[in-house]
Amino acid sequence: MKKGFVFDLDGVITDTAKFHYIAWKDLAANLGITIDETFNETLKGISRMDSLDKILAYGHRENDFTTAEKEALAKKKNDEYVKLLADLSEADLLPGVHDFLVQAKKRNIPCSIASASKNAPMILEKLGVLEFFGHIVDPETLKKGKPDPEIFVKAAESIGVAPNDAVGFEDAQAGIEGIKAAGMYAVGISATEVLAGADLQVASMTELDIEQLINQ
Ligand code: BG6
Ligand code: MG
């Protein structure tokens with residue numbers, strides 16, 4: 001019997017990957033680096049600074065910037081990303097998410113967020129679903145990012161649920177690995193990528209049966 005749900009944000013609750021991509025692509029282009037959608041896949045679930053490091057290494061520019069310059073570049077990317085989110089609303093929730101959250105609330109199943117994004121509280125507020133989450137893990141408090149299980153363990157414990165009794169929802173391979181390493185049941189959500197190691201994979205949350213999940 002499962003007692004709590006832990007959600008990734010980007011790609012699970014809403015599709016912000018396209019906005020991250022636009023902002024990173026523009027920043028990279030200004031540095032003479034071209035990134036494409038295949039490369040963008042490798043940035044999913046990865047923190048802002050780790051994403052910048054990956055882009056600089058990809059363009060062979062990893063030794064060209066001081067820490068302060070890299071922080072300025074990451075801020076520039078985030079400023080553009082936040083501008084792109086200006087019109088985000090409830091209409092941007094991915095299919096099935098709102099219904100699933102309502103059903104979880106009816107059954108008194110606590111939910112939390114395990115996202116690498118520092119923008120998570122603002123995004124959830126714009127989407128109108130902030131009230132459904134008992135806790136949002138602050139990525140600043142983490143020692144390691146995904147695929148380390150730390151964020152998922154913290155997210156489960158923050159809502160009073162042992163990781164073994166929790167279900168995690170993820171769209172990225174690094175996230176599925178983190179959920180499994182935490183000892184949780186992993187639901188992969190992707191219509192395009194095969195998420196290795198997921199206990200169950202669906203194309204969207206509309207396919208999920210909450211009763212079946214609880215009884216895992
Ligand atoms: C993750 C995204 O959820 O958050 C990554 O999948 C992103 O692409 C990371 O880099 C950090 O987000 P933010 O909003 O703090 O820059
Ligand atoms: Mg994601």
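Residues numbered from 1 in each chain as written. Chains lettered and ligands numbered in written order. Predicted model: local features only at pLDDT ≥ 70, side-chain atom pairs only at ≥ 80, totals over all residues. Heavy atoms only, no water.

### Here's the deal with the packing of helix 1 (residues 17-30) against helix 3 (residues 48-58)
Angle between the axes and distance between the axes: these two values describe a pair of packed helices.
And then number 1: At a minimum axis separation of 11 Å, helix 1 and helix 3 run at an interaxial angle of 45 degrees. By the angle between their directions, the pair helix 1 and helix 3 is classed as oblique. For the element pair helix 1 and helix 3, the recorded crossing hand is right-handed. Across from Trp24, Leu27 and Ala28 in helix 1, the residues of helix 3 making contact are Arg48, Ser51, Leu52 and Ile55.
And then number 2: Residues belonging to the contact of helix 1 with helix 3 are distributed by class as follows: five nonpolar, one polar and one charged. (Axes fitted to C-alpha atoms, helices over the stretch in contact; angles between N-to-C directions. Helix = DSSP H or I, 4+ residues; strand = E, 2+ residues; numbered from the N terminus. Parallel < 35°, antiparallel > 145°, perpendicular 65-115°, else oblique. Left-handed = near helix turned anticlockwise from the far one by under 90°. Contact = heavy atoms within 4.5 Å. Nonpolar A, V, L, I, M, F, W, Y, C, P; charged D, E, K, R; others polar.)

### With respect to the UniProt feature "binding site: Mg(2+)" (unreviewed entry) in the chain
And then number 1: The UniProt entry lists Asp8, Asp10, Glu170 and Asp171 under the feature "binding site: Mg(2+)" (unreviewed entry), expressed in the numbering used here. In three dimensions, the annotated residues from a span of 164 residues occupy one location, with a maximal C-alpha spread of 8.8 Å.
And then number 2: The residue Asp10 is located in the loop between strand 1 (4-7) and helix 1 in this model.
And then number 3: Setting aside residues up to four positions removed in sequence, Asp10 forms contacts with Thr16, His20, Tyr81, Ser117 and Asp171.
And then number 4: Note that Glu170 resides in strand 4 (residues 166-170). (UniProt positions renumbered as here; feature names shortened; annotations may be inferred.)

### Structural notes on the coordination of the magnesium ion (ligand 2)
A four-donor tetrahedral metal ideally has 109.5 degree angles, and a six-donor octahedral metal ideally has angles of 90 or 180 degrees.
And then number 1: Listed as protein donors to the magnesium ion (ligand 2) are Asp8 (OD), Asp10 (O) and Asp171 (OD); their distances from the metal cover 2.0 to 2.1 Å.
And then number 2: All donors of the magnesium ion (ligand 2) come from a single chain, and their spacing in sequence reads D-x1-D-x160-D. Linking Asp10 in the loop between strand 1 and helix 1 with Asp171 in the loop between strand 4 and helix 8 (173-181), this pair joins segments that are 161 residues apart in sequence.
And then number 3: Under the relative-accessibility criterion, Asp10 is labelled buried at 16%. (Donors = N, O, S within 2.8 Å, 3.2 Å for Na, K, Ca; no water. Buried < 20%, exposed > 50% of the residue type's maximum accessible area, 1.4 Å probe, protein only.)

### Some points on the nonpolar core
And then number 1: Grouped together as the largest cluster of nonpolar side chains are 36 residues, with contacts concentrated most on Phe5, Phe7, Ile13, Phe133 and Phe169.
And then number 2: For this core, the secondary-structure elements that each account for two or more residues are strand 1, helix 1, helix 5 (97-106), strand 2 (111-113), helix 6 (120-127), strand 4, strand 5 (185-189) and helix 9 (210-214).
And then number 3: For this core, the domains that each give at least three residues are domain 1 (4-14 + 89-215) and domain 2 (16-85).
And then number 4: Excluding residues that lie within four positions of it along the chain, Phe5 makes contacts with Phe100, Ala104, Ile109, Pro110, Cys111, Ser112, Ile159, Val167, Phe169, Ile210 and Ile214.
And then number 5: Counting residues in each nonpolar core, the second largest holds 17 residues, with Phe152, Ile179, Ala182 and Leu195 among its members. (Core = buried A, V, L, I, M, F, W, Y, C linked by side-chain atoms within 4.5 Å. Domains from an automatic or database assignment.)

### Digging into the pairing of strand 1
And then number 1: Side chains Gly4 and Val6 of strand 1 all project onto a buried face; the interleaved residues Phe5 and Phe7 project onto the opposite face, where all are buried too.
And then number 2: Relative to strand 4, strand 1 is paired through four bridges, and the arrangement is parallel. Residue pairing for strand 4: Phe5 is matched across the bridge by Val167.
And then number 3: Pairing between strand 1 and strand 2: three bridges, direction parallel. (Pairing = 2+ DSSP bridges.)

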